[in-house]
Amino acid sequence: MADASDIQRADPSAPLTPADHALAHALSIHLLTVIEDKGWTEIVRDALQGAIQRRSGQNSYAESLDTCARAILSSQPRTAQRNRADMNARNALVIFHQWRLGLALEKQGDC
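Just so you know, these numbers come straight off a predicted model, no measurement behind them.

> I keep staring at the packing of aromatic side chains and nothing clicks. Help me out?
The geometry of an aromatic ring pair is captured by two quantities: the separation of the ring centres and the angle between the planes. In total, this model carries two aromatic pairs according to the counting rule given. Aromatic pair Y61 and W99: ring centres 4.4 Å apart, planes at 15 degrees, arrangement stacked. In this pair, Y61 is assigned in helix 4 (residues 60-73) and W99 in helix 5 (residues 80-108), connecting sequence segments 38 residues apart. The partly exposed category is assigned to Y61, whose relative accessible area is 24%. Residues F96 and W99 carry aromatic rings whose centres are separated by 5.9 Å and whose planes lie at 55 degrees to one another, so their mutual orientation is tilted. Of this pair, F96 and W99 both sit in helix 5, three residues apart, which is roughly one turn of that helix. Taken individually, F96 and W99 each receive the classification buried, so the pair is uniform in this respect. By way of ring pairs, the aromatic residues Y61, F96 and W99 are connected into one cluster. Lying over the aromatic face of W99, R100 brings its terminal NZ or CZ to 5.6 Å of the ring centre.

What counts, and at which threshold
Residues numbered from 1 in each chain as written. Predicted model: local features only at pLDDT ≥ 70, side-chain atom pairs only at ≥ 80, totals over all residues. Heavy atoms only, no water. Phe/Tyr/Trp six-rings, centres within 6.5 Å; stacked < 30°, edge-to-face > 60°. Helix = DSSP H or I, 4+ residues; strand = E, 2+ residues; numbered from the N terminus. Buried < 20%, exposed > 50% of the residue type's maximum accessible area, 1.4 Å probe, protein only. Lys NZ or Arg CZ within 6 Å of the ring centre and 35° of its normal.

Below, the structure written as structure tokens:
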């Protein structure tokens, strides 16, 4: 499991891997789901586990998502621990998406 020093050593300019993208999407689905569906819950859980196993750990933004996904997977649904893990994941996803939006706007020449 990554700790704060791993995240600090990771490079925010390192390219994202397909596993990094899968991790971000699976976390988004987990956090944005309003009506729970057991089938999708299992798909998302499997996607999180698979993305964690395949990640390279080079991008610091994706590393934060990895840490949050591990906390979610290690907690039981509808507990204070899961609520805390979900809140931390929401914060990490906002930062991740703000970074990606900033990159996209720079490429468009809007910044």
